[in-house]
Amino acid sequence: PKQRAQELEKLRRFLKQELSDEQDWLRFKTYFEQAHSGFYERLEKICPDVSPNEVKMAAYIRMNMSAKEMAHLLNVSIDAVNKARYRFKKKLNLSETDSLTSFLANL
């Protein structure tokens with residue numbers, strides 16, 4: 001638990017510096033996988049056709065980021081994030097009443 005909290009704090013600090021290129025994303029992905037072991041593998045098992053942007057969004061949602069924070073990191077509008085979340089939820093075959101955040105938190 002304490003180590004996990006430290007890893008999450010590393011992730012938060014890293015995100016504040018912004019993910020500007022592929023190298024930054026790969027470093028983030030490594031830190032995230034250390035804190036959330038097996039998350040990407042489980043996501044790809046449930047949804048084999050998950051896109052790279054959906055993987056990023058899933059990680060941000062798993063970290064409980066707001067649409068505004070995700071929009072800033074992905075360099076898109078809040079509306080674009082909300083639409084992407086809706087499409088991703090649909091792709092995962094979740095109902096309207098299912099929470100994408102809860103689903104990814106329990107993955």
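Everything that follows concerns the structure shown earlier in this document.
Now for a look at the structure at hand. Note that the structure is a prediction, hence the values are computed from the model and not measured.

Here's the deal with the nonpolar core
At step 1: Phe-28, Leu-43, Phe-88 and Leu-104 are the most contacted members of the largest nonpolar core, which has 32 residues in total.
At step 2: Among the elements of the structure, helix H1 (2-16), helix H2 (22-35), helix H3 (39-46), helix H4 (52-62), helix H5 (67-74), helix H6 (78-91) and helix H7 (100-105) are those that each provide at least two residues to this core.
At step 3: Residue contacts for Phe-88: discarding those within four places in its chain leaves Leu-43, Val-50, Glu-54, Met-57, Ala-58, Leu-100 and Leu-104.

Some details on H5
At step 1: Within the span of H5, buried status applies to Ala-67, Met-70, Ala-71 and Leu-73. Angularly, the buried residues of H5 cover 165 degrees about the axis, an arc narrow enough to put them on a single face.

Some points on the environment of Ala-67
At step 1: With respect to the element layout, Ala-67 can be found in helix H5.
At step 2: It is 19 Å that separates the C-alpha atoms of Ala-67 and Phe-32, two residues lying 35 residues apart in sequence.
At step 3: Leave out the neighbours within four places in its chain, and Ala-67 touches Ile-78, Val-81 and Asn-82.

Focus on the pattern of salt bridges
Pairs can form between side chains of opposite charge whenever their charged atoms are close.
At step 1: A complete count under the given rule lists two salt bridges for this structure.
At step 2: Two residues, Glu-7 and Lys-10, come together in a salt bridge whose shortest N-O distance is 3.7 Å. Of this pair, Glu-7 and Lys-10 both sit in helix H1, three residues apart, roughly one helical turn.
At step 3: In this structure, the salt-bridge partner of Glu-54 is Lys-91, at a minimum N-O distance of 2.8 Å. One end of the pair, Glu-54, is in helix H4; the other, Lys-91, is in helix H6, and 37 residues separate them in sequence.
At step 4: For Lys-91, a relative accessible area of 29% corresponds to the partly exposed category.

Each value, and the rule that gives it
- Residues numbered from 1 in each chain as written.
- Predicted model: local features only at pLDDT ≥ 70, side-chain atom pairs only at ≥ 80, totals over all residues.
- Heavy atoms only, no water.
- Core = buried A, V, L, I, M, F, W, Y, C linked by side-chain atoms within 4.5 Å.
- Buried < 20%, exposed > 50% of the residue type's maximum accessible area, 1.4 Å probe, protein only.
- Helix = DSSP H or I, 4+ residues; strand = E, 2+ residues; numbered from the N terminus.
- Contact = heavy atoms within 4.5 Å.
- Arc of directions from axis to C-beta.
- Salt bridge = Lys/Arg side-chain N within 4 Å of Asp/Glu carboxyl O.

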